[in-house]
Amino acid sequence: MAIEIAIETPLQDDVRGLVKELNATLLELTPPEHCYDMTVEQMADNDTTDFIARDNGLAIGCGALKRHDCTVGEVKRMYTRPSHRGQKIGARIVERIEALARNEGLRRLVLETGDRHPAAWTVYEGAGFSRCGPVLDYPDTEWSVFYEKSLA
C-alpha cells in the first residue's frame, strides 16, 4: 500500500482542502448547529496533533488527537476521501491516535460522531471503542453518538 500516515501541520493548502471536504460532508448529514468542527487553525493548536494520510503525496485522509487534560484525549476530524474508502485508512489513523495517546499517558479516549455515520461507527467499534453517554461538553442530542475507550 502506497498510503503513508504522518503527523503534519494542517496549515497546508491541500489539508485545508481536505478539511473543507470533511465539513461539507458533515453538513450533508447533520444540521449545522450539531456539527462540532474545528478550523484548521484550531487543529494547529498545541493541544492537538494531526495525522494526515497521503497516497503518493496526495492528502486523502485525516484525523486528530485533541488533549483535554493530562488524562483525556479526543478523537477529532476523522475523514477519508470517498476515492479511498474501504482501505482501512480510518482504522490506521485511529491506531496512530491511540498509540500517541498511550505514549503520552492519557487514560481515556472519547469522541462524538453523527447519528448518520455508520461507517465511522464501524471504525471506532473495530478499534475497541464502546458507545457511552455524552462526553466532554457536548450536548445530549439525537444527532450525536458518543464513544469512549479506556487506555488504563
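Going along each chain's sequence as written, the residues are numbered from 1 onward. Local features in this predicted model are restricted to residues of pLDDT 70 or higher, and side-chain atom pairs are both shown and tallied only at a pLDDT of 80 or more, whereas totals for entire chains, interfaces and linings draw on every residue. The side-chain figures draw on all heavy atoms in the structure; neither hydrogens nor water molecules are used.

1. Topic: the sheet that holds strand β7 (residues 144-150)
Strand pairing requires that DSSP identify at least two bridges connecting the strands. Helix and strand assignments follow DSSP, with helices taken as H or I runs no shorter than four residues and strands as E runs no shorter than two, numbered in order from the N terminus. Pairing in this open sheet of 7 strands is mixed, and the strands run β1-β2-β3-β4-β5-β7-β6 from one edge to the other. Where the open sheet ends on each side, the last strands, each with one partner, are β1 (3-7) and β6 (130-132). Each adjacent strand pair in this sheet contributes to an overall mean axis angle of 30 degrees, direction not counted. Pairing between β6 and β7: 3 bridges, direction antiparallel. Counterpart to arginine 131 in the pairing with β7 is tyrosine 147. We call two residues in contact when some of their heavy atoms are within 4.5 Å. To obtain each axis, a line is fitted to C-alpha atoms, and for helices this fit is confined to the stretch in contact; angles are then taken between N-to-C directions over 0 to 180 degrees. Here helix α3 (residues 89-103) sits on the sheet in contact with β1, β2 (48-55), β3 (58-67), β4 (72-80), β5 (108-114) and β7, set at roughly 30 degrees to β3.

2. Some remarks on the layout of surface pockets
In this structure, the largest pocket encloses a volume near 880 Å³. Every residue lining the largest pocket is counted, 36 residues in all, and those nearest its centre are Met78, Tyr79, Ala119, Ala120 and Tyr124. Those elements that place two or more of their residues in the lining of the largest pocket are α1 (13-29), β4, α3, β5 and α4 (118-126). Examining the composition of the lining of the largest pocket, we find that 7 residues originate from one element, α4, more than from any other. Each residue is assigned to one class: nonpolar for Ala, Val, Leu, Ile, Met, Phe, Trp, Tyr, Cys and Pro, charged for Asp, Glu, Lys and Arg, and polar for all the others, Gly among them. Its residues assigned to classes, the lining of the largest pocket shows 17 nonpolar, 13 polar and 6 charged. Put simply, the grid is 1 Å and covers the protein atoms alone, a cavity is a trapped set of points that fit a 1.4 Å probe, a pocket is an open set with protein on both sides within 12 Å along at least five of seven lines, and lining residues have an atom within 4 Å of a point. Grid points are joined across faces, edges and corners, and a volume is the space filled by probe spheres set on the points.

3. Points about the side chain of aspartate 50
For aspartate 50, the location among the structural elements is in strand β2. Throughout, exposure labels follow a simple rule: accessible area from a 1.4 Å probe, protein chains only, divided by the maximum for the residue type, with under 20% read as buried, over 50% as exposed, and the rest as partly exposed. Two residue types count as positive, namely Lys and Arg, and two as negative, namely Asp and Glu; His and chain ends fall outside the count. Note on definitions: salt bridges are taken to be side-chain nitrogens of Lys or Arg within 4 Å of carboxyl oxygens of Asp or Glu. We note that aspartate 50 is buried and unpaired, the nearest opposite charge coming from arginine 77 at a distance of 8.0 Å.

4. With respect to the packing of aromatic side chains
Ring geometry is summarised as follows: Phe, Tyr and Trp rings, the Trp one being its six-membered ring, pair when their centres sit within 6.5 Å, and such pairs are stacked at plane angles under 30 degrees, edge-to-face over 60 and tilted between the two. Throughout the structure, instances matching the rule amount to 4 aromatic pairs. Considering the side-chain rings of tyrosine 124 and tyrosine 147, the 5.8 Å spacing of their centres and the 50 degrees angle between planes classify their relative orientation as tilted. On the criterion of sequence distance, the pair formed by tyrosine 124 in helix α4 and tyrosine 147 in strand β7 is long-range, its members being 23 residues apart. With 6.2 Å between their ring centres and 45 degrees between their planes, tyrosine 138 and phenylalanine 146 make a pair best called tilted. Here phenylalanine 146 falls in the buried class, since its relative accessible area comes to 3%. Pairwise contacts between aromatic rings join Tyr36, Tyr138 and Phe146 into one cluster. The ring of tryptophan 121 has arginine 131 lying over it, and the distance from NZ or CZ to the ring centre is 4.4 Å. Put simply, a charge is over a ring when the Lys NZ or the Arg CZ is close to the ring centre, within 6 Å, and near the line of the ring normal, within 35 degrees.

5. Side note on the nonpolar core
With 24 residues, the main nonpolar core has Ile93, Tyr124 and Phe129 as its most contacted residues. When residues of this core are traced back to their parent elements, those giving at least two are β1, β2, β3, β4, α3, β5, α4 and β7. Ranked by the residues each element gives to this core, the list is headed by α3, at 6 residues. Excluding residues within four positions of it along the chain, phenylalanine 129 makes contact with Val75, Val94, Leu109, Leu111, Tyr124, Tyr147, Glu148 and Lys149. Here the nonpolar core consists of buried residues drawn from Ala, Val, Leu, Ile, Met, Phe, Trp, Tyr and Cys, with membership extended through side-chain atoms lying within 4.5 Å. Grouped together as the second largest cluster of nonpolar side chains are 13 residues, Val19, Leu26, Met38 and Val40 included.

6. Brief notes about unusual backbone geometry
With a phi close to 50 degrees, asparagine 56 is a non-glycine residue in the positive phi region. Mapped onto the secondary structure, asparagine 56 falls in the loop between β2 and β3. Here the phi dihedral of lysine 88 falls at roughly 65 degrees; this positive angle occurs in a residue that is not glycine. Tracing the sequence through the fold places lysine 88 in the loop between β4 and α3. Residue classification places lysine 88 among the exposed positions, given a relative accessible area of 63%.

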